[in-house]
Amino acid sequence: MITGSIATVGYGLAAIGPGIGMGILVGKTQESLARQPELAGPLRVNMFIGIALIEALALIGLAAGFVFA
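What comes next is a walk through the structure. (Residues numbered from 1 in each chain as written. Predicted model: local features only at pLDDT ≥ 70, side-chain atom pairs only at ≥ 80, totals over all residues. Heavy atoms only, no water.)

Our next topic: the side chain of Thr29. Structurally, Thr29 is set in helix H1 (residues 6-35). Of the residues examined, Thr29 reaches a relative accessible area of 8% and is grouped as buried. Excluding residues that lie within four positions of it along the chain, Thr29 makes contacts with Leu43 and Met47. (Helix = DSSP H or I, 4+ residues; strand = E, 2+ residues; numbered from the N terminus. Buried < 20%, exposed > 50% of the residue type's maximum accessible area, 1.4 Å probe, protein only. Contact = heavy atoms within 4.5 Å.)

So this is what it looks like as structure tokens:
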């Protein structure tokens, strides 16, 4: 018999999406910096805003695990 909470599995699945999204975001930013180094400032700002939004998705997944458990 398996014991535990489905919320832990749900959060694990919910963390996959933001993890992939953050990897793509950082990778594309690095690629852009290699192509046009003079845009480092604006690209860095946009990357951090995107990371904050992606992290919000992960926190919503964590909160949903507590709410629906």
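Resuming the write-up.
Attention shifts here to the pattern of salt bridges. Under the defined criterion, the tally for this structure stands at 2 salt bridges. Ionic pairing is found between Glu31 and Lys28, a salt bridge with its closest N-O pair at 3.9 Å. Of the two residues, Glu31 and Lys28 both sit in helix H1, 3 residues apart, roughly one turn of that helix. Connected via shared salt-bridge partners are Lys28, Glu31 and Arg35. (Salt bridge = Lys/Arg side-chain N within 4 Å of Asp/Glu carboxyl O.)

Let's shift gears to the environment of Val26. If you trace the backbone, Val26 turns up in helix H1. Remark: the alpha-carbon pair of Val26 and Met47, spanning 21 residues in sequence, is separated by 7.1 Å. When residues no more than four places from it in sequence are discounted, the contact partners of Val26 are Met47 and Ile51.

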